[in-house]
Amino acid sequence: MKKITNLEIENHLAYFRGKPNAGFIVKTKSGHEGYTKHSEPLINGKQRVYIEKEGEEKFNLLCNPDTLIIIGFID
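Reading guide: rules and limits
Residues numbered from 1 in each chain as written. Predicted model: local features only at pLDDT ≥ 70, side-chain atom pairs only at ≥ 80, totals over all residues. Heavy atoms only, no water. Phe/Tyr/Trp six-rings, centres within 6.5 Å; stacked < 30°, edge-to-face > 60°. Helix = DSSP H or I, 4+ residues; strand = E, 2+ residues; numbered from the N terminus. Buried < 20%, exposed > 50% of the residue type's maximum accessible area, 1.4 Å probe, protein only. Lys NZ or Arg CZ within 6 Å of the ring centre and 35° of its normal.

K.L.:
Describe the packing of aromatic side chains, and please don't skip the residues or the numbers.
P.N.:
Aromatic ring pairs are described here by two measures, namely the spacing of the ring centres and the angle between the planes. Per the stated rule, a full pass over the model turns up two aromatic pairs. Their ring planes at 55 degrees and their centres at 5.9 Å tell us that Phe24 and Phe73 sit as a pair that is tilted. Note that Phe24 is positioned in strand β1 (residues 23-27) and Phe73 in strand β5 (residues 69-74), a separation of 49 residues in sequence. Take Phe24: its relative accessible area is 10%, and that puts it in the buried class. By relative accessible area, which is 31% here, Phe73 ends up partly exposed. Centre to centre, the rings of Tyr35 and Tyr50 are 5.1 Å apart; their planes meet at 15 degrees, and the pair counts as stacked. Of this pair, Tyr35 sits in strand β2 (residues 33-35) while Tyr50 sits in strand β3 (residues 47-51); the two residues are 15 residues apart in sequence, bridging distant segments of the chain. For Tyr50, a relative accessible area of 15% gives the class buried. Across the ring face of Tyr50, the terminal group of Lys37 is positioned such that the distance to the ring centre comes to 5.0 Å.

Right, dumping it as structure tokens:
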């Protein structure tokens, strides 16, 4: 898997900030893959991560942003 660069992240944020469904696809430190939304503020310093697994109930996690690994973008 290609590592996403800081420049790619900065360009994505600059272009998509303010668009309600834009965000990142992330992997949590516990191995869950999910997504974030740029339009949502941090909650007590934590980032909400939406987890959707096929055949399972959807749920949210609050994660320390420093522990999230960005693996993709949502336009």
